[in-house]
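# Commentary on secondary and tertiary structure
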There are 2 protein chains.
Amino acid sequence: MRFIIQRDRLVQSVQDVMKAVTSRTTIPILTGIKITATEEGVTFTGSDSDISIESFIPAEEAGDEIVEIKETGSIVLQAKFFSEIVKKLPLGTVEMQVANSFQTIIRSGKAEFNLNGLDPDEYPLLPQIEEENTLKLPADLLKTLIRQTVFAVSTSETRPILTGVNWKIENGHINCIATDSHRLAMRTAPIEGAENSSYTVVIPGKSLNELSKILDDNSDLIDIVITENQVLFKAKHLLFFSRLLEGNYPDTSRLIPTESKTDVVVHTKEFLQAIDRASLLAREGRNNVVKLSTVDNGFLEISSNTPEIGKVIEEVQTDSIEGEELKISFSAKYMMDALKTLEGTEIRVKFTGAMRPFVIHSLNDENITQLILPVRTY
Amino acid sequence: MRFIIQRDRLVQSVQDVMKAVTSRTTIPILTGIKITATEEGVTFTGSDSDISIESFIPAEEAGDEIVEIKETGSIVLQAKFFSEIVKKLPLGTVEMQVANSFQTIIRSGKAEFNLNGLDPDEYPLLPQIEEENTLKLPADLLKTLIRQTVFAVSTSETRPILTGVNWKIENGHINCIATDSHRLAMRTAPIEGAENSSYTVVIPGKSLNELSKILDDNSDLIDIVITENQVLFKAKHLLFFSRLLEGNYPDTSRLIPTESKTDVVVHTKEFLQAIDRASLLAREGRNNVVKLSTVDNGFLEISSNTPEIGKVIEEVQTDSIEGEELKISFSAKYMMDALKTLEGTEIRVKFTGAMRPFVIHSLNDENITQLILPVRTY
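Residues numbered from 1 in each chain as written. Chains lettered and ligands numbered in written order. Predicted model: local features only at pLDDT ≥ 70, side-chain atom pairs only at ≥ 80, totals over all residues. Heavy atoms only, no water.

This brings us to the overall build of chain A. Summing up its helical and strand segments, chain A has 6 helices and 28 strands in all. Principal-axis analysis of the C-alpha atoms places the extent of chain A at approximately 80 × 55 × 40 Å. Across the 378 residues that make up chain A, the buried fraction comes to 53%. In the form shown here, chain A has an accessible surface area of approximately 17,500 Å², with 45% of it arising from carbon and sulfur atoms. Taken as two groups, the 39 positive and 55 negative side-chain charges of chain A have centres that lie 6 Å from each other. (Helix = DSSP H or I, 4+ residues; strand = E, 2+ residues; numbered from the N terminus. Buried < 20%, exposed > 50% of the residue type's maximum accessible area, 1.4 Å probe, protein only. Areas by Shrake-Rupley, 256 points an atom, 1.4 Å probe, with all protein chains shown as cover. Lys, Arg positive; Asp, Glu negative; His and termini not counted. Charge placed at Lys NZ, Arg CZ, Asp CG, Glu CD.)

Structural data, given as structure tokens:
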């Protein structure tokens, strides 16, 4: 293997595939990045066996030569050292060459690195995926779907299925659901390619977080291929594979109340900041429980109290409060997480009594549902 | 105590005095910030008993009212909660009021906090310092003096005196010296007010680091008052006290070689980057040892080698190499730390053989001396 490559492209590809590489693996070769040069270009692969990422740099793009391939071949290099080295190379071009017994020379200007490589034949093969049905989502919408739901997955391994996001695809729509059994986030959106097929899969939250970091914030369509135990996301020159979680995702539809007893419309940012301030003195337990109660003249009172430190009480002007009076307690953290995902300047909160889950929507957009279970303190 | 104050000024003062507050103190009241309101304004104090910081907000400045004092008095509030609260207050003005038994109300807009305060009479008094002799340094020069020397103090408590920077002041000059016994940093500058007095003190490195963070990067003169066991830095509305280290600082003057056998002039940035690259594959021990040797045609060869990972070799063009041929090994970290403090695009390195300390200066400025002890590897 021998080629000369533009450094900036090399750095970008290595940075992308590094997102799948972990030093905490039981398979030593997975601490490396696999590099394969063909006449068409150079492919970089990183994997922790749950997530695998492949980044391709074409020999030529839009008439410009990006890689000059001198000899095809492949090698695996220690990811930690290789990624640090490429970032610090002195010139805009880099020569890479595999010599005897996997010794690899990386040359840029007057700097020459000689790295001990590993046998590329030992690197596991990526899943082979038949591309029968391809779904399509714009990259920015995909990132938004992830951002609005993935924060609500469980971080506990007691019910592993809840560490993933449930994607239900049917009738041309995708419905993403995440819950840790104390709160639930749900987002619906139209999706291309699902007119005649339906899927329900659970994608690990960690995979979606890493995917979101790699995708650009533009409207380029991402191809999504779902198989029995893998999902593949295809962007330009980038393949992102994730295993799926096995097991049945709980039916969450009955959790979401269909009626409400107290309806509040309030300015999102003012409400969020008041909750944030109240949470400063709400250190009981991990999740900073605050109290909310309706008061006269369309005000909400937000308060918290930790006797050894002090208390805070604040009134927030609402646009409207309809229905019954209410006193309720909930986690300030869950409320702030939920509010940060909602678009628009106003939100509607629908309460069904102090001990029942409540639902938060953007005022005129029910595509996002955030649900929170209250805490018993009154 | 009761006053109404501009929030931005309150936030800035609290942030400044917080630099002296630590939660790891054996004196519970020092986890608090002391607030004292007089007719002239409000004073905030934080201390960990090594460092004490006092920030004053005048009632009036340049004809603008900054604080409206309603009632004088004082209180101590938990630093951690108080500092988080003031940052998140909703309006540009804040009312603070001490009610019964140290209960303190902080009110801004419709938000009202009620904090349990502590008895201000229990807060230790700051050192009383007689201002006989006042030295003066511009803030930006003081920050530069600190930056160029403090990184070289020892982090080990085996010789506590070496955790400080030795300031020698005489004949109108200040000489700052730091060493961890593997390297030494020295900086000389003129200082105002030392025409007829001389001092030699050792200031804890930690104090100087905190001082540097608080000072603005301008040429305002900072007053420096030195006593037997304290040093006081006075900026506008800010007092910074630090205790001094006790004991005799070692005489370092004999360490610095007066002659040299090999003189190299090289471009600072190119040399630094080559060392940085070589250090990537130099993981033997903590300090990333790299090798330097003179080669033909005015080149330096920088190299390192870790058999299980690989090796790197690089040639750096010099402006000149004068004197004997040389092969020497040293810590890449120490070299990079030293190079980053030097001003100007070119440096001169004076070697006195492979086993002797060597000295690095800016090409035409010997006010900064960086000295490094080599490592025995050849």
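Further notes follow.
A separate point is the sheet that holds strand β2 (residues 32-38) of chain A. Residue and element names in this part refer to chain A. Overall, antiparallel pairing links the 8 strands, which are arranged β8-β2-β3-β4-β19-β18-β17-β12 in an open sheet. Of all strands in the sheet, those with a lone pairing partner are β8 (73-78) and β12 (135-138), marking the two edges. Taken over all neighbouring pairs, the strand axes of this sheet differ in orientation by 20° on average, direction set aside. Strand direction decides the pairing type here: β2 and strand β3 (residues 41-47), joined by 5 bridges, are antiparallel. Considered in β3, the bridge of Lys-34 is made with Thr-45. The sheet contacts of helix α3 (residues 139-149) involve β12, β17 (221-226) and β18 (230-235), and relative to β12 the element is tilted by about 85°. Helix α4 (residues 205-214) rests against β4 (51-58), β18 and β19 (238-243) of the sheet, and its axis sits at about 170° to β19. (Pairing = 2+ DSSP bridges. Axes fitted to C-alpha atoms, helices over the stretch in contact; angles between N-to-C directions. Contact = heavy atoms within 4.5 Å.)

Here the focus is helix α6 (residues 332-341) of chain A. Residues separated by three or four positions in an α-helix point in the same direction, a consequence of the helix having 3.6 residues per turn. Residue and element names in this part refer to chain A. The buried count for α6 comes to 8 of 10 residues, which makes it a mostly enclosed element. Every buried residue of α6 is listed here: Ala-332, Tyr-334, Met-335, Met-336, Asp-337, Ala-338, Leu-339 and Thr-341. Its side-chain oxygen at 3.2 Å from the backbone nitrogen of Lys-333, Ser-331 defines the N-terminal cap of α6. (Polar contact = N/O pair within 3.5 Å; in protein donor to acceptor, adjacent residues only side chain to side chain.)

Facing 29 residues of chain B, the contacting portion of chain A comprises 29 residues. Interface of chain B and chain A: buried area, both sides summed, is about 2,700 Å²; carbon and sulfur atoms make up 59% of it. Interface area lost by chain B to chain A is led by Lys-88, Lys-110 and Arg-277 of chain B, which between them contribute 21%. Linking chain B with chain A are 2 salt bridges. Across the pair Lys-88 of chain A and Asp-276 of chain B runs a salt bridge whose closest N-O atoms are separated by 2.9 Å. Mapped by element, the contributors of at least two residues to the side of chain B that touches chain A are α2 (79-87), β11 (111-116), α5 (268-280) and β23 (310-323) of chain B. When its residues are assigned to classes, the side of chain B that touches chain A shows 14 nonpolar, 3 polar and 12 charged. (Buried area = accessible area lost by both parts, 1.4 Å probe. Salt bridge = Lys/Arg side-chain N within 4 Å of Asp/Glu carboxyl O. Nonpolar A, V, L, I, M, F, W, Y, C, P; charged D, E, K, R; others polar.)

So, on to the sheet that holds strand β13 (residues 164-170) of chain A. Residue and element names in this part refer to chain A. Strand order in the open sheet formed by 9 strands is β16-β13-β14-β15-β28-β27-β26-β20-β24, with antiparallel pairing between adjacent strands. Whereas interior strands pair on both sides, the edge strands pair on one side only; in this sheet they are β16 (199-204) and β24 (320-323). Going from strand to strand, the sheet's axes swing by 20° on average, the running direction of each strand aside. Strand direction decides the pairing type here: β13 and strand β14 (residues 173-179), joined by 5 bridges, are antiparallel.

Our next topic: the relation of the copies chain B and chain A. Superposing chain B onto chain A takes a rotation of 180° combined with a translation of 0.0 Å along the rotation axis, leaving an RMSD of 0.0 Å. The transformation just described matches what one would write down for a two-fold rotation axis. Interface overlap between copies: 100% of the residues of chain B at the interface are likewise at the interface in chain A, consistent with a symmetric, same-surface contact. (Least-squares fit on C-alpha atoms with pLDDT ≥ 70 in both.)

Within this structure's numbering, the places UniProt gives as "domain: DNA polymerase III beta sliding clamp N-terminal" (unreviewed entry) are residues 1-127 of chain A. Overall, residues 1-127 of chain A shows 17% helix and 47% strand. The separation of its end C-alpha atoms is 24 Å. (UniProt positions renumbered as here; feature names shortened; annotations may be inferred.)

Working note: non-glycine residues mostly have negative phi, and peptide bonds are mostly trans. The residue Asn-297 of chain A is not glycine, and still its phi comes out positive at about 60°. Assignment of secondary structure puts Asn-297 of chain A in the loop between β21 (289-294) and β22 (299-306). The class of Asn-297 of chain A is exposed, set by a relative accessible area of 70%. Look at Asn-171 of chain B: it is not a glycine, yet its phi comes out positive at around 50°. If you trace the backbone, Asn-171 of chain B turns up in the loop between β13 (164-170) and β14 (173-179).

Another point: the packing of helix α1 (residues 7-18) of chain A against helix α2 (residues 79-87) of chain A. In a pair of packed helices, the angle between the axes and the distance between the axes together describe the arrangement. Residues and elements named next belong to chain A. Between α1 and α2, the least distance of the axes is 9 Å, while the angle of their chain directions is 150°. When the interaxial angle is binned, α1 and α2 end up roughly antiparallel. Note that α1 runs across α2; the crossing there is left-handed. Two secondary-structure elements touch here, α1 through Arg-7, Leu-10, Val-11, Val-14 and Met-18 and α2 through Ala-79, Phe-82, Ser-83, Val-86 and Lys-87. Residues of the contact of α1 with α2, tallied by class, amount to 7 nonpolar, 1 polar and 2 charged. (Parallel < 35°, antiparallel > 145°, perpendicular 65-115°, else oblique. Left-handed = near helix turned anticlockwise from the far one by under 90°.)

Time to look at the pairing of strand β12 (residues 135-138) of chain B. When a strand is regular, its side chains alternate between the sheet's two faces. Residues and elements named next belong to chain B. In β12, alternate side chains face the same way, and those of Leu-135 and Leu-137 are buried while those of Lys-136 and Pro-138 on the opposite face are not. Relative to strand β17 (residues 221-226), β12 runs antiparallel, the two sharing 4 bridges. For Leu-135, the partnering residue across the bridge sits in β17 and is Ile-224.

Residue and element names in this part refer to chain A. The domain architecture assigned to chain A consists of domain 1 (2-122), domain 2 (135-219 + 244-253) and domain 3 (258-372). The C-alpha-based centres of domain 1 and domain 2 are spaced at 32 Å. On the domain 2 side, the residues contacting the 5 residues of domain 1 number 5 residues. Summing both partners gives a buried area of about 460 Å² for domain 1 against domain 2, and 67% of it is carried by carbon and sulfur. (Domains from an automatic or database assignment.)

The next subject is the packing of aromatic side chains. Residue and element names in this part refer to chain A. Following the criterion strictly, the structure yields 8 aromatic pairs over all chains and no others. Ring centres of Trp-167 and Phe-233 lie 6.0 Å apart, and the angle between their planes is 85°; this geometry places the pair in the edge-to-face category. Here the residue Trp-167 occupies a position in strand β13, and Phe-233 occupies one in strand β18, the gap between them amounting to 66 residues. No difference in accessibility class separates Trp-167 from Phe-233, as the two residues are buried. Every member of this aromatic cluster is reached through a ring pair, and the members are Trp-167, Phe-233 and Phe-240. (Phe/Tyr/Trp six-rings, centres within 6.5 Å; stacked < 30°, edge-to-face > 60°.)

A few words now on the pairing of strand β1 (residues 2-6) of chain A. Residue and element names in this part refer to chain A. The two faces of β1 differ: Phe-3 and Ile-5 on one face are buried, but Arg-2, Ile-4 and Gln-6 on the other face are not. Where β1 lies against strand β9 (residues 93-98), 5 bridges are found, and the strand directions are antiparallel. Within β9, the position partnered with Phe-3 by the bridge is Met-96. Pairing of β1 with strand β7 (residues 67-71), which is carried by 4 bridges, proceeds in the antiparallel orientation. Across the sheet, the residue bridging to Ile-4 is Glu-68, located in β7.

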